[in-house]
Amino acid sequence: MPARITDRAGGTGRYRYYVLGLLMLTSLLSVADRLVFSILIEDIKATFHFSDTELGLLGGIAFTATYVLAGFPAARLADRSVRKSIIAGAIFVWSGMTALCGIAIGFWTLFFARTGVGVGEGCSGPASQSLLADYFRKEELARAMGFLTIGATTGTVTGLMAGGLMAQYFGWRVAFMAMAVPGVLLSALLYFTVLEPPRGRYAAAGAQVVQQPLGETFLALVRNKVFMGYAAGFAIQIMIGYAMAFWMAPVMLRSFSVSVGDVAFYLGLAYLAGGIPGPIMGGYMTDWLTRHDERWRAWLPGIVSLLAIVPLWLSLVAGEFWWFLGLFALSYGIFVSSQAPILSGIQAAVEPGQRGFSVAIALFFNNLVGQAFGLGVIGWLSDRLAAVHGTASLGMAVLAVALGAAVVAMAIFAWTAHQIKAAAIFAD
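Note that the structure is predicted; figures quoted are calculated from it, not measured.

Turning to the packing of helix α16 (residues 355-389) against helix α17 (residues 393-423), a few remarks are in order. Look at α16 against α17: their axes get within 8 Å of each other, and the N-to-C directions meet at 135°. On the basis of the axis angle, α16 is oblique to α17. Along this stretch, α16 crosses α17, giving a crossing that reads as right-handed. Contacts from Val-377, Ile-378, Leu-381, Ser-382, Leu-385, Ala-386 and His-389 in α16 reach Ser-393, Leu-394, Met-396, Ala-397, Val-398, Ala-400 and Val-401 in α17. In terms of residue class, the contact of α16 with α17 is made up of eleven nonpolar, three polar and no charged.

A full pass over the atoms with the stated rule returns 22 aromatic pairs. The interplanar angle of 75° and the centroid separation of 5.5 Å between the aromatic rings of Tyr-17 and Phe-136 together place this pair among those described as edge-to-face. Of this pair, Tyr-17 sits in helix α2 (residues 15-48) while Phe-136 sits in the loop between α6 (107-133) and α7 (138-170); the two residues are 119 residues apart in sequence, bridging distant segments of the chain. Arranged with centres 5.7 Å apart and planes meeting at 80°, the rings of Tyr-271 and Phe-328 form a pair that is edge-to-face. Within this pair, whereas Tyr-271 is found in helix α11 (residues 260-275), its partner Phe-328 is found in helix α14 (residues 321-336), the two being separated by 57 residues in sequence. Neither Tyr-271 nor Phe-328 differs from the other in exposure class; each is buried.

Leu-23, Leu-190, Val-194, Ile-240, Met-244, Phe-328 and Ile-378 are the most contacted members of the largest nonpolar core, which totals 96 residues. Leave out the neighbours within four places in its chain, and Leu-190 touches Leu-22, Leu-23, Thr-26, Lys-84, Ile-87, Ala-88 and Ile-91. If you look at the next biggest cluster of nonpolar residues, it comprises 20 residues, including Phe-48, Phe-50, Phe-176 and Met-179.

Calculation notes
Residues numbered from 1 in each chain as written. Predicted model: local features only at pLDDT ≥ 70, side-chain atom pairs only at ≥ 80, totals over all residues. Heavy atoms only, no water. Axes fitted to C-alpha atoms, helices over the stretch in contact; angles between N-to-C directions. Helix = DSSP H or I, 4+ residues; strand = E, 2+ residues; numbered from the N terminus. Parallel < 35°, antiparallel > 145°, perpendicular 65-115°, else oblique. Left-handed = near helix turned anticlockwise from the far one by under 90°. Contact = heavy atoms within 4.5 Å. Nonpolar A, V, L, I, M, F, W, Y, C, P; charged D, E, K, R; others polar. Phe/Tyr/Trp six-rings, centres within 6.5 Å; stacked < 30°, edge-to-face > 60°. Buried < 20%, exposed > 50% of the residue type's maximum accessible area, 1.4 Å probe, protein only. Core = buried A, V, L, I, M, F, W, Y, C linked by side-chain atoms within 4.5 Å.

And the structure:
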């Protein structure tokens, strides 16, 4: 029996794909439980007579602040403790808090529940990515990260569609509680069936596996130019992804005569059409290209971010609904192919004892720059353009910010590729 466990934890057979599947489901439920709030906003507002400011606090700071803050201590714990237990516990916490949203009696109870969702979800990402890096070798890691990205894409669709349908037929409270049930089951399944692999077993000889003091870890990451390049480039280029996820629904509503229900359904289909093949192709392309030159792990996300702008621009100027939808799906698919090389690059650029904390730092800048700053700039720019361009102003603002982010990200990733060559840290 012990030999069998060692073989499974070794990650050389089919078992590692079982673990990957569970982590994909983890990512799916994380995003779904986070975004279900957005489709239920109008029903919640009608029940409690909340102002838009209160709804903004519930959807924004109540979740995002705790999501970011919880990630750092959880990442430190993930770099020295049993990662599968951290992930299972995180799922259980955010699922329970999602259920509590359904029995909220006012603003502060709902605020507390949303805060708890943020705490739980903030703990799962660093541990999940660190775990995958010990189940898949460097030459396979990008495709594994690509499949992990699919979980987030399908989570977006699940949150929109499942939450909307359940709210329509059973009410928003039941929707929250029903969304929590799969997480409780997944938590138990992951805890009891996933084996913790040896930490850093695929790292180069002499790699630092044992976690170092916080100050040393932080300074080492700051001095790691390759990691900092990935983190900075990721934070800038993810502005494109947040723009697509947050603003495309109102763009559709302002540009075409469609209902909110139609937007949720058809936009969900577009996310699926682009969001499933995109990460898979990005993962396989990265693994193939890096066999010839490791710098492709940095070049590829910069290039595809620029390429995604072309169909995005064509979709925003399309006068026909189906052309808009098809071109947006193409743009989204191209964009998400960038996630596999970035995520695998971060894991490959740092020591095994730094992996979880490095993800927490990257996610911190993602939320600060990509979400908080990027979405705010688009809204501000749209308001400035509205006087002249009317309802078209939002699409113009999305395109302008996305284009700017793609150009800057390409420059940062090109610099990162140069640092990879200079450091030669990927040499076997």
